[in-house]
Structure formats: structure tokens, C-alpha cells
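# A closer look at the structure
What follows is the residue order along each chain.
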Amino acid sequence: MKITDILAKEATIMLTEPLKVTFGDIKEVKTLFIKIETDTDLVGFGESCPFEPVTGETLSTEQKALEFLSPALYGQDPLQIEKKYIILWMIKLSVTPR
């Protein structure tokens, strides 16, 4: 089994109640839904919901990270989770300023 595609879709989700934080009320969140397809019927889903005031990440930076990291995952077995973690960690180490 191998990863054949990684797709992302932006969405804006309205909260049922505002989230109160020190700098105001948040009424909606922007998120990135991720779908990982394989050469079998197995499909995986994930989500990236960056919160810029806390993490410094935005939907744009999350999409760029996905575009940068995805090629390393194509052709990999999605069930070998530890191997994926090591691959992504090694990529991070190679581009992180020291």
C-alpha cells in the first residue's frame, strides 16, 4: 500500500458560540482539511487549524508546508507512521536555521 495523493481544502467554520480570548471574541475559524489517498481503498483525513496569534502559523504557511513536505510522503506506506515521522523530522532538521 502506498500514498498516491495528498489533497487540501480550505474551510471557514462558524462557531456555535464565540470563543472569548484576551484580545476579543472569535466567531469563526479557518481550517485546512487534509485527505491522504492510497493505491487501495484506504483514505486518511486530517486537519490543520492554525491560530496565528498563538502559533504564528496561517493557512498560507500551512499550505506551503504541506506543498514542501508532501513529495516526501508519496509512495510511502501510510501504516508505517514512525517512518513518516522520521522522514518529516529529518526534512525539518535540514531546513531549520541553526
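In what follows, the accompanying structure is described. Just so we're clear, the structure is a prediction, and the values are computed from it rather than from any experiment.

Definitions and limits used
Residues numbered from 1 in each chain as written. Predicted model: local features only at pLDDT ≥ 70, side-chain atom pairs only at ≥ 80, totals over all residues. Heavy atoms only, no water. Helix = DSSP H or I, 4+ residues; strand = E, 2+ residues; numbered from the N terminus. Polar contact = N/O pair within 3.5 Å; in protein donor to acceptor, adjacent residues only side chain to side chain. Contact = heavy atoms within 4.5 Å. Salt bridge = Lys/Arg side-chain N within 4 Å of Asp/Glu carboxyl O. Buried < 20%, exposed > 50% of the residue type's maximum accessible area, 1.4 Å probe, protein only. Phe/Tyr/Trp six-rings, centres within 6.5 Å; stacked < 30°, edge-to-face > 60°. Core = buried A, V, L, I, M, F, W, Y, C linked by side-chain atoms within 4.5 Å. Pairing = 2+ DSSP bridges. Axes fitted to C-alpha atoms, helices over the stretch in contact; angles between N-to-C directions. Patch = residues over 30% accessible without salt bridge, like charges linked within 9 Å, V, L, I, M, F, W, Y side chains within 5 Å. Areas by Shrake-Rupley, 256 points an atom, 1.4 Å probe, with all protein chains shown as cover.

## Considering the side chain of Thr38
When you line up the elements, Thr38 lands in strand S2 (residues 24-38). Within the structure, Thr38 has its side chain in polar contact with the side chain of Thr40 (distance 3.0 Å). Among the polar contacts listed, one links the side chain of Thr38 to the backbone oxygen of Leu42, at a separation of 2.7 Å. Every residue in contact with Thr38, bar those within four places of it in the chain, is listed here: Met1, Lys2, Ile3, Thr4 and Pro78.

## With respect to the pattern of salt bridges
Scanning all chains against the criterion turns up 4 salt bridges. With a shortest N-O distance of 4.0 Å, Lys30 and Glu28 are connected by a salt bridge. Assessed through its relative accessible area of 36%, Glu28 is described here as partly exposed. Salt-bridge contacts for Lys35 lead to Glu37; the nearest nitrogen and oxygen are separated by 3.2 Å.

## Some remarks on the packing of aromatic side chains
Under the criterion given, the structure shown has 2 aromatic pairs. Consider the rings of Tyr85 and Trp89, whose centres lie 6.4 Å apart with planes at 10°: the pair is stacked. Taken together, the positions of Tyr85 and Trp89, both in helix H3 (residues 81-95) and 4 residues apart, correspond to about one turn of that helix. Given the relative accessible area of 56%, Tyr85 is considered exposed.

## Some words on the nonpolar core
One recurring pattern in soluble globular proteins: nonpolar side chains tend to sit buried together. With 6 residues, the main nonpolar core is built from Ile3, Ile6, Leu32, Ile34, Leu59 and Leu73. Contributions of two or more residues to this core are made by strand S1 (3-21) and S2.

## Describing the sheet that holds S1
Pairing between the strands of a sheet comes from backbone hydrogen bonds, and it takes one of two forms, parallel or antiparallel. Strand order in the open sheet made by the 3 strands is S1-S2-S3, with antiparallel pairing throughout. Because the sheet does not close on itself, it has two edges, and the strands there are S1 and strand S3 (43-48). On average, each strand axis in the sheet is inclined to that of its neighbour by 20°, with strand direction left out of account. Looking at chain direction, S1 and S2 are connected through 14 bridges and run antiparallel. Within S2, the residue paired with Lys20 across the bridge is Asp25. The strands touched by helix H2 (residues 59-69) are S1, S2 and S3; relative to S2, the strand with the most contacts, the crossing angle is about 15°.

## Points about a nonpolar patch on the surface
Taken together, the side chains of Tyr85, Ile86, Trp89 and Met90 present a nonpolar region at the surface, about 470 Å² in accessible area. The exposure class assigned to Trp89 is partly exposed, which follows from its relative accessible area of 38%.

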